[in-house]
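Architecture at a glance
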Amino acid sequence: MGFILRNAVIPTAGGYETTDVRIEGERIAAIGKGLASVGPDGVELDAHNKLLLPGFVNAHTHSSELWQRGIIPPYPLELWLAQLHEYSPPDPEKIYLSALATAVETLLSGGTTVVDHLILIPGQELATLEAAVRAYREVGIRAFIGPLLQDQALPACLPGGEGEAPAYPLSTAEVLALVEEAVEKYHRPEEGISLMVAPTGIQLCSDKLFEGCAELSQKYDLPRHAHLLETRAQQMLAQEKYGCSAVKHLQQIGYLDNRTSLAHCVWLTDADIEILARTGSTVVHNPLSNLRLGSGIAPILKYRRAGVNVAFGCDGAASNDSQDLLEAIKIGTILHNITDPDYRHWIAPRESIEMASRGGAIGLGLGEELGSLEVGKQADLVLYDLTQLSLLPRTDPIGLLVLGRPTQVVHSVWVRGKRVVADGKVTTVDVAKLRQELFEHSFWDPWRRSQQVAQLEARYRRVMGLPE
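We now turn to the structure provided with this report. All values derive from a computational prediction rather than experimental measurement. (Residues numbered from 1 in each chain as written. Predicted model: local features only at pLDDT ≥ 70, side-chain atom pairs only at ≥ 80, totals over all residues. Heavy atoms only, no water.)

1. Digging into the overall build of the protein
Helices and strands together make up the secondary structure of the protein, namely 15 helices and 17 strands. When the backbone C-alpha atoms are referred to their principal axes, the protein occupies close to 70 × 50 × 45 Å. Expressed as a percentage of the 468 residues in the protein, the buried residues total 58%. Within the protein, contacts between residues separated by at least 24 positions form 76% of all contacts whose residues are at least 6 apart in sequence. Per element, the accessible surface of the protein, about 18900 Å² overall, is 52% carbon and sulfur. (Helix = DSSP H or I, 4+ residues; strand = E, 2+ residues; numbered from the N terminus. Buried < 20%, exposed > 50% of the residue type's maximum accessible area, 1.4 Å probe, protein only. Contact = heavy atoms within 4.5 Å. Areas by Shrake-Rupley, 256 points an atom, 1.4 Å probe, with all protein chains shown as cover.)

Below, the structure is given as structure tokens:
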């Protein structure tokens, strides 16, 4: 089915213009005033007073964390992880529901692509993946699923290790074999579902795991993903493990290249930043989780000045605690005004929109396919209603979208040329039913306490120099 959007507002170098946009198949077929009709089987849409933008990429999240949204206390990452893992959902059906919800929230906040660093249920790894794949197919969002990989147990995440950490249940070879099997079963980029190699990070992964993932990336042409130096503790651990920075080490073992995206990147040096720029690696900025977990403020202005590609992510719904991509873009835009007194270095709304769309696409190796309004590119598009109260009065549409608090402003969304949101409602799944199922599969539990946190907390405080 084809579409023609009549009189859409689109950004130009000089401001904005009102024009028509035609979608044929999966691509943008034409942009211009007075375009011919799409024919009897096509749909014409009045886009008057509506802003058309390329879809954003939610470039880092963990969908299954939805089940712990709002409940984990104010902990730093290492203690937060202990509680997260203790209460991770044991049921693939919950994985399915949380992936559905993540996709819906992403679409309704301007995202057309989600990168899900998916936490796997031990012993049910492939069932976990199948559940997420099924959800993303049903919603129709473009999904990159990176099974969250590790081959070391949680106590290894802290520096100053005391004796041998417990063995991880799977060997490195078994973890890599699992990834290869998952790729054969679920990697279908032509259908909008792609697999990634995605070690969790240097804190829980051996060099052999990183190297094996790099080999699989080359073999199957897969994007690479990982967390990188999210916390001060991880920076300390890298020096302890490698005698150099984690960035330099990952470069030495061949993990960094132009299809590598790295979440957080808070604790990097200027020399690290230069390595990322030289290798073409992408930084995924997750400002809300970095604040929620006290991890720090990533030096995004330095990255941009050094020529490093930057994208935005929500991170998981238990460290944010939402999947509102517009909120992440706003905070990630204005947060850095306090890090540099030279306001000429600050991020303008149009720059943040480009980071969220084209920056995310580049990080996935899709810069030539997605991320801008150009004829021939994939029709991953979002139409915003500029008559909604939160986008009024009429000033600058993109400024209102980024710097304001837009609510219920997404009118329509197309992914790969298919309209999956119309008149502000997702058309592919029953959202009312999803809400009911999320309600019925959960319960109020505000006093939950974690035994794993209690076991790890004394060591964490000692390592970080905090009073007992």
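2. Overview of the packing of helix α2 (residues 92-107) against helix α3 (residues 125-139)
Contact geometry for α2 and α3: axes closest at 8 Å, N-to-C directions at 35°. Helix-helix and strand crossings are classified by hand; for α2 and α3 the assignment is right-handed. The residues of α3 that touch α2, namely those facing Pro92, Glu93, Ile95, Tyr96, Ala99, Leu100, Thr102, Ala103 and Leu107, are Ala127, Thr128, Ala131, Ala132, Arg134, Ala135, Tyr136, Glu138 and Val139. Along the lines of polarity and charge, the residues of the contact of α2 with α3 split into 13 nonpolar, 2 polar and 3 charged. (Axes fitted to C-alpha atoms, helices over the stretch in contact; angles between N-to-C directions. Left-handed = near helix turned anticlockwise from the far one by under 90°. Nonpolar A, V, L, I, M, F, W, Y, C, P; charged D, E, K, R; others polar.)

3. Some thoughts on helix α12 (residues 349-363)
Residues that lie three or four places apart on an α-helix share one face, since the helix turns once every 3.6 residues. The first and last C-alpha atoms of α12 sit 20 Å apart over 15 residues, in line with the 21 Å expected at 1.5 Å per residue. Along α12, the helix axis deviates most sharply at Met355, where the bend reaches about 35°. Where α12 is concerned, the buried positions are Pro349, Ser352, Ile353, Met355, Ala356, Ser357, Gly359, Gly360, Ala361 and Gly363. Of the residues flanking the end of α12, it is Gly365, one or two places downstream, whose phi is positive at about 75°. (Expected span 1.5 Å × (residues − 1). Bend = angle between axes of the 7 residues up to and from the residue.)

4. Quick word on empty space enclosed by the protein
Gaps left between atoms are located by rolling a probe of water-molecule size over the structure's atoms. Enumeration over the complete set of coordinates arrives at 4 cavities of 30 Å³ or more. In this structure, the largest cavity spans a volume of roughly 200 Å³. Lining the largest cavity are 20 residues; nearest its centre among them are His62, Trp80, Leu81, Thr200 and His227. The leading source of residues in the lining of the largest cavity is helix α1 (residues 77-86), at 5 residues. A breakdown of the residues in the lining of the largest cavity according to their chemical character gives 8 nonpolar, 9 polar and 3 charged. (1 Å grid on protein atoms, 1.4 Å probe; cavity = no way out; pocket = protein on both sides within 12 Å on 5 of 7 lines; lining within 4 Å. Points joined across faces, edges and corners; volume = space filled by probe spheres on them.)

5. Digging into the nonpolar core
Ranked by size, the top nonpolar core spans 106 residues in total, and within it Leu129, Tyr136, Ile145, Leu276, Tyr303, Tyr384 and Leu401 carry the most contacts. Here this core takes 9 residues from α2, the largest share from any one element. Excluding its chain neighbours within four sequence positions, the residues that come into contact with Tyr136 are Ser63, Ala99, Thr102, Ala103, Val114, Asp116, Ile141, Ala143, Ile145 and Ile193. Counting 21 residues, the second largest nonpolar core, distinct from the first, contains Leu293, Ala318, Leu456 and Tyr460. (Core = buried A, V, L, I, M, F, W, Y, C linked by side-chain atoms within 4.5 Å.)

6. Examining the sheet that holds strand β11 (residues 260-264)
Across a sheet, paired strands are connected by hydrogen bonds in the backbone, their directions being either parallel or antiparallel. Here 4 strands make up an open sheet; going across it, the order is β10-β11-β12-β13 and the pairing parallel. Across the chains shown, the open sheet's two edge strands, defined by having one partner strand only, are β10 (224-228) and β13 (309-312). Going across the sheet, the axis of each strand differs from the next one's by a mean of 30°, ignoring polarity. In terms of strand pairing, β11 meets strand β12 (residues 282-285) through 3 bridges, oriented parallel. Following the sheet pairing, Leu262 is matched in β12 by Val283. (Pairing = 2+ DSSP bridges.)

7. Describing the layout of surface pockets
When its volume is computed, the largest pocket comes out at roughly 830 Å³. Sorting elements by how many residues they give to the lining of the largest pocket places helix α14 (residues 431-440) first, with 5 residues. For the lining of the largest pocket, the class distribution of residues is 16 nonpolar, 5 polar and 6 charged. Considered as a void within the structure, the second largest pocket measures approximately 590 Å³ in volume. Class assignment for the residues of the lining of the second largest pocket results in 17 nonpolar, 5 polar and 1 charged.

8. Let's talk about the state of the cysteines
Two cysteines, two sulfur atoms, one covalent bond between them: this is a disulfide. Enumeration over the complete set of coordinates arrives at 0 disulfides. A disulfide-free cysteine, Cys157 has its sulfur positioned 12 Å from the sulfur of Cys205, the nearest such atom. With relative accessibility at 2%, the residue Cys157 sits in the buried group. (Disulfide = S-S within 2.5 Å.)

9. Thoughts on the environment of Ala167
Tracing the chain through its elements places Ala167 in the loop between β8 (142-147) and α4 (172-186). Separated by 166 residues in sequence, Ala167 and Met1 place their C-alpha atoms 53 Å apart.

10. Comments concerning the pattern of salt bridges
Within the structure shown, the criterion is met by 21 salt bridges. Taking the shortest distance from any N to any O, the salt bridge between Glu351 and Arg304 comes out at 3.2 Å. Placement of the pair is Glu351 in helix α12 and Arg304 in helix α10 (residues 300-306), with a sequence separation of 47 residues. By relative accessible area, which is 27% here, Arg304 ends up partly exposed. The salt bridge involving Asp340 is made with Arg305; its shortest N-O contact spans 3.3 Å. Note that Asp340 is positioned in the loop between α11 (325-334) and α12 and Arg305 in helix α10, a separation of 35 residues in sequence. Judged by its relative accessible area of 12%, Asp340 is buried. In the salt-bridge network here, residues are joined through shared partners; they are Arg6, Asp20 and Glu44. (Salt bridge = Lys/Arg side-chain N within 4 Å of Asp/Glu carboxyl O.)

11. Overview of unusual backbone geometry
Here Asn320 and Asp321 are connected by a cis peptide whose omega angle stands at 5°. Within the fold, Asp321 resides in the loop between β13 and α11. The peptide bond linking Leu392 to Pro393 adopts the cis configuration, its omega dihedral lying at 0°. Tracing the backbone through its elements, the reader meets Pro393 in the loop between β14 (381-385) and α13 (397-403). For Asp221, which is not glycine, the phi torsion reads 55° and is therefore positive. Following the sequence through the fold, Asp221 ends up in the loop between α5 (207-220) and β10. Here the phi dihedral of Arg416 falls at roughly 55°; this positive angle occurs in a residue that is not glycine. Topologically, Arg416 is positioned in the loop between β15 (410-415) and β16 (418-422).

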